[in-house]
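# Survey of secondary and tertiary structure
Take a look at the letters that make up each chain.
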Amino acid sequence: MSFGRTWMIALRAACCLAAMALSAPVAAQPAVPKKVVRTADDLPRYNYPVAGTATALLTADDATFGAFAAKVGADVDRTLADYDIEDHATLRDLLGVRLEVQMLAGQDAAALKTLNEIRAIEDKPDARLLSGVNAEAMLKAHAATGAWSGDAYAQAYGSAYAAALAPLPWAVVANRIKEAKSSAQILTDSLVLGRAQADIEPALAKSHQLSNELAWDLVGLRFAHQFRVPVKATTYAVLAKEVADKDVAKPDIWAAREVTLTDADKLTPVNVAIWDSGVDLALFPGRVYTDPHPAPQFDPHGLAFDLQSRPTHGNLFPLTPEQAAEYPGTREDLKGLSDLQLSIDSPEAEALRRKITALAPDQVPSFLERLSLFGNYIHGTHVAGITARGDPAIRLAAARLTFDWKNVPDLPTEELARRSAASYQVYVDWFKSHGVRVVNMSWGGTPADYETALEKNGVGKDAAERKAMARKLFDIDSGGLLAALKSAPDILFVCAAGNADSNSGFDEATPAAFKLPNLLVVAAVDQAGDEASFTSYGDTVLVDANGYQVLSYTPGGVELRLSGTSMASPNTANLAAKLLALDPKLTPEQVIKLIVAGASPSEDGRRHNINPKKSVELLKAEG
């Protein structure tokens, strides 16, 4: 899943003075009111002409890059001045770019002020404690040594960073500390330059300009190149010591809440569709839905559409012989990423670290593409394993979507958007005609996704035109999905909130932004029930579930831990299917009510962690 951002126009204050002949001045007119921002689409877009390549600009001298960054920073400042933005994630994004621009320009005092502004609008407890700590340590080291490099600077930076981390409560910040440690382990200049080649270069090569979104990314990469890479060894040493000195496994609340059904529970089989990237159904013997008389366009266990939203066949995305040969090695890479995130020093983690740090910049794009391909390939099976856990009554169906994995995605067109919109109804009609009661949807999209895809394909004269084009295409696609879900009031759809650490409603992320009586939106927490660093949130999110390093299957049967709201959603679909297995007369609204009523709220009211045992107890009490 992916999600979007913003921009702005200049403020004009009107102050009208009376003519000199008048004896009294006329009162000044009020300033033009700020434009109220309700969604990411309400903000303007900007364009930055760039001569040459992204890599050349990224590695240019300070004066050259500084001129580019100053333009970006000026637009950020005008955005913050002219627009009434209540969404904290958007404000953090804007202020984050301002901070990077200020530090790149040597504006230390201004940067410290911006750091404090960002902290003031952090919503998650761990982010509030850790926000800007790394950058502030850099600024303190610069103030103490008058340098941005050298042994004295690195030592001062490490001391300031360690001192800032020392008093923080480990139980609150542990996950983010470990995530930062894993990032420091694999950060190299080659990776930074390679990210520019993968994510920015394609668009720039076609249009010779960057939208504000890609300009932000380039500023962030320059910041990493200038500030993070030179002290990565010190950063890693500080974080590794924090982990070594303080790491204690967080308590796992989920084992005590788990419900495992058996045939003794007098269960009714429940058809559950995994609407995802495909499922290796061979891993679930006896728990697969089979259509005895499938229509020619469908499969015995479900249906599938290809990347162009055309009907196809197969429960799993078909790999080429070359891709099939690469799959086991890439699966180990994905395990290595998971282990790095958990600060597990496994052979896979070490092998991945060596592989990434040895990459040349021009090798990074293909490496990222390969991870994306196989990440998609395993996604649906991993989701299915979570959904089916502890439920002998489940009957899994594979509703295969095909997700794009390429650095330059296929060009979005109106024809493709209309085919995609129509395909949603085909999926849902199949669900209805085959008795599906629960559908898990661990995916989504936003208007910004369309803008990015258009830009990378060199379509549109500028960012404003792409915004209009993206809006039209998104409305066609999301409108088709909304209509399809509405047409099946007797089916419960469970979906992921998204992994953008932002408000899904503000981003217009579909389906997470939809408000329907038969849709349950789920955010992610960790094993202790604490909010995940990546999880999105918002008014449509009713419950939270474990989405941090969740163990499940990959195609072929190897188990792997993955994180994301993609994992939280099927944990909730798992509960929904079990409730229906115990009482098939339940409606989607009744299932949602039981799940929400059984959930335990956090003290701050931000989380409502599902409690399967409690929900089952409530069901039995009603019966």
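Moving on: the overall build of the protein chain. Secondary structure assignment for the protein chain yields 23 helices and 16 strands. Its C-alpha radius of gyration of 26 Å places the protein chain within 12% of the 25 Å reference for a compact globule of 623 residues. Reported as C-alpha extents along the three principal axes, the dimensions of the protein chain are approximately 85 × 65 × 50 Å. Expressed as a percentage of the 623 residues in the protein chain, the buried residues total 55%. Restricting the contact set of the protein chain to residue pairs at least 6 apart, pairs at least 24 apart contribute 78%. As presented, the protein chain carries roughly 25500 Å² of accessible surface, and 56% of it is formed by carbon and sulfur atoms. The averaged location of the 76 negative side-chain charges in the protein chain is 2 Å from the averaged location of its 61 positive side-chain charges.

For the structure on display, the rule yields 20 aromatic pairs. Ring centres of Trp148 and Tyr153 lie 5.8 Å apart, and the angle between their planes is 65°; this geometry places the pair in the edge-to-face category. Between Phe223 and Phe227, the ring centres sit 4.9 Å apart and the planes meet at 40°, which makes this aromatic pair tilted. Pair noted here: Phe223 and Phe227 are both in helix H11 (residues 212-228), with a separation of 4 residues, about one helical turn. For Phe227, a relative accessible area of 7% corresponds to the buried category. Counting every residue linked through ring pairs, the aromatic cluster contains Trp275, Tyr289, Phe305, Tyr424, Tyr427, Trp430, Phe431 and Trp443. Sitting above the plane of the Trp254 ring, Arg257 keeps its charged end 5.7 Å from the centroid. Positioned above the aromatic ring of Trp405, the side-chain terminus of Lys406 is 4.6 Å from the ring centre.

As a further point, take the packing of helix H14 (residues 321-341) against helix H15 (residues 347-357). At a minimum axis separation of 7 Å, H14 and H15 run at an interaxial angle of 100°. By the angle between their axes, H14 is roughly perpendicular relative to H15. Judged by residue contacts, Glu332, Asp333, Lys335, Gly336, Leu337, Asp339 and Leu340 of H14 engage Glu348, Ala349, Leu352 and Lys355 from H15. Partitioned by chemical class, the residues of the contact of H14 with H15 number 4 nonpolar, 1 polar and 6 charged.

Moving on, we get to the confidence of the model for the protein chain. When pLDDT is averaged along the protein chain, the result is 93, and 95% of the positions lie at 70 or above. Predicted confidence is poor over residues 1-30, with pLDDT under 50, and the contacts of this stretch with residues over four places away or in other chains come to 79 contacts.

Moving on: unusual backbone geometry. Note that the residue after Thr510, namely Pro511, is joined by a cis bond; omega there is 5°. On the secondary structure map, Pro511 appears in the loop between helix H20 (504-507) and strand S11 (519-525). Phi is positive for Glu508, close to 60°, though the residue is something other than glycine. Residue position: Glu508 is located in the loop between H20 and S11.

We now examine the packing of helix H2 (residues 62-82) against helix H3 (residues 88-104). The relative placement of two packed helices comes down to the angle between their axes together with the axis-to-axis distance. Between H2 and H3, whose axes approach to 9 Å, the crossing angle comes to 145°. For the pair H2 and H3, the sense of crossing is left-handed. Contacts from Phe65, Ala69, Val72, Gly73, Val76, Asp77, Thr79 and Leu80 in H2 reach Leu91, Leu94, Leu95, Val97, Arg98, Val101 and Leu104 in H3. Taken together, the residues of the contact of H2 with H3 sort by class into 11 nonpolar, 2 polar and 2 charged.

The subject of this paragraph is the pairing of strand S8 (residues 394-400). With 6 of 7 residues buried, S8 lies mostly within the body of the structure. Pairing of strand S5 (residues 270-276) with S8, which is carried by 7 bridges, proceeds in the parallel orientation. Each bridged residue has a counterpart across the sheet, and for Ala273 the counterpart in S8 is Ala397. As judged from the 3 bridges shared by strand S6 (residues 302-305) and S8, these two strands associate in the parallel manner. Across the sheet, residue Ala304 finds its bridge partner in S8, namely Arg400.

Our focus in this paragraph is the environment of Ala171. When you line up the elements, Ala171 lands in helix H8 (residues 170-186). Put simply, Ala171 and Phe431 are 260 residues apart on the chain and 43 Å apart in space, counted from C-alpha to C-alpha.

Attention now goes to the nonpolar core. Ranked by size, the top nonpolar core spans 70 residues in total, and within it Leu396, Leu579, Val591 and Ile595 carry the most contacts. Looking at which element gives the most residues to this core, the answer is helix H16 (residues 364-388), with 11 residues. Residues in contact with Leu579, not counting those within four places in the same chain, are Leu586, Val591, Leu594, Ile595, Ser615, Val616 and Leu619. The next biggest cluster of nonpolar side chains, apart from the first, holds 68 residues, and it includes Leu57, Leu91, Trp170 and Trp216.

Considering the arrangement of structural elements, one finds Ala398 in strand S8. For the pair formed by Ala398 and Pro300, sequence separation is 98 residues and the distance between their alpha carbons is 9.6 Å. Once you skip the residues sitting within four places of it in the chain, Ala398 turns out to touch Ile274, Val279, Leu281, His301, Gly302, Leu303 and Asn315.

A few words now on the pattern of salt bridges. Under the counting rule described, the total for this entry stands at 39 salt bridges. Among the salt bridges present, the one from Asp410 reaches Lys406, with a minimum N-O distance of 3.2 Å. Classification of Asp410 as partly exposed rests on a relative accessible area of 28%. Note that Glu414 and Arg418 form a salt bridge whose closest N and O atoms lie 2.9 Å from each other. Here Arg418 and Glu414 lie together in helix H17 (residues 414-433), a separation of 4 residues that amounts to about one turn. On the accessibility criterion, Glu414 (32% relative accessible area) is partly exposed. For Arg418, a relative accessible area of 47% gives the class partly exposed.

Cut-offs used in this document
All residue numbers refer to positions counted from 1 along the written sequence of the respective chain. Side-chain atom pairs in this predicted model are given and counted only at pLDDT of 80 or more, local residue features only at pLDDT of at least 70, and totals for whole chains, interfaces and linings cover all residues. Hydrogens and water are ignored here; the side-chain numbers use all heavy atoms of the structure. Strands here mean DSSP runs of E at least two residues long; helices mean DSSP runs of H or I at least four residues long; both are numbered from the N terminus. Computation of the radius of gyration draws on C-alpha atoms, with the globule rule given as 2.2 Å multiplied by the number of residues to the power 0.38. Whether a residue is buried, partly exposed or exposed follows from its accessible area with a 1.4 Å probe, protein chains only, as a fraction of its type maximum: under 20%, in between, or over 50%, in that order. Residues are treated as being in contact if the distance between any of their heavy atoms lies within 4.5 Å. In short, Shrake-Rupley with a 1.4 Å probe defines the accessible areas, and a residue's cover is counted only from the protein chains shown. Positive charges come from Lys and Arg, negative ones from Asp and Glu, while His and the chain ends are left out of the count. Charge positions are represented by NZ for Lys, CZ for Arg, CG for Asp and CD for Glu. Note on ring pairs: Phe, Tyr and Trp rings are taken, using the six-membered ring of Trp, and paired if centres are within 6.5 Å. Classes follow the plane angle, with under 30 degrees stacked, over 60 edge-to-face and the rest tilted. For a ring to carry a charge above it, either NZ of a lysine or CZ of an arginine must fall within 6 Å of the ring centroid while also lying within 35 degrees of the normal to the ring plane. Angles shown run from 0 to 180 degrees and are taken between the N-to-C directions of axes, each axis being a line fitted to C-alpha atoms and, for helices, limited to the stretch in contact. The labels follow the angle: roughly parallel below 35 degrees, roughly antiparallel above 145, roughly perpendicular from 65 to 115, and oblique for the rest. Residue polarity is assigned by list, with Asp, Glu, Lys and Arg as charged and Ala, Val, Leu, Ile, Met, Phe, Trp, Tyr, Cys and Pro as nonpolar; anything else, Gly included, falls into the polar class. As a per-residue measure, pLDDT tells how confident the predictor is, with possible values from 0 to 100. A clockwise turn of the near helix away from the far one marks a right-handed crossing, whereas an anticlockwise turn of less than a right angle marks a left-handed crossing. Here, strands pair whenever DSSP counts at least two bridges between them. Buried Ala, Val, Leu, Ile, Met, Phe, Trp, Tyr and Cys residues that are joined via side-chain atoms within 4.5 Å together make up what is termed a nonpolar core. One side-chain nitrogen of Lys or Arg within 4 Å of one carboxyl oxygen of Asp or Glu is enough to make a salt bridge.

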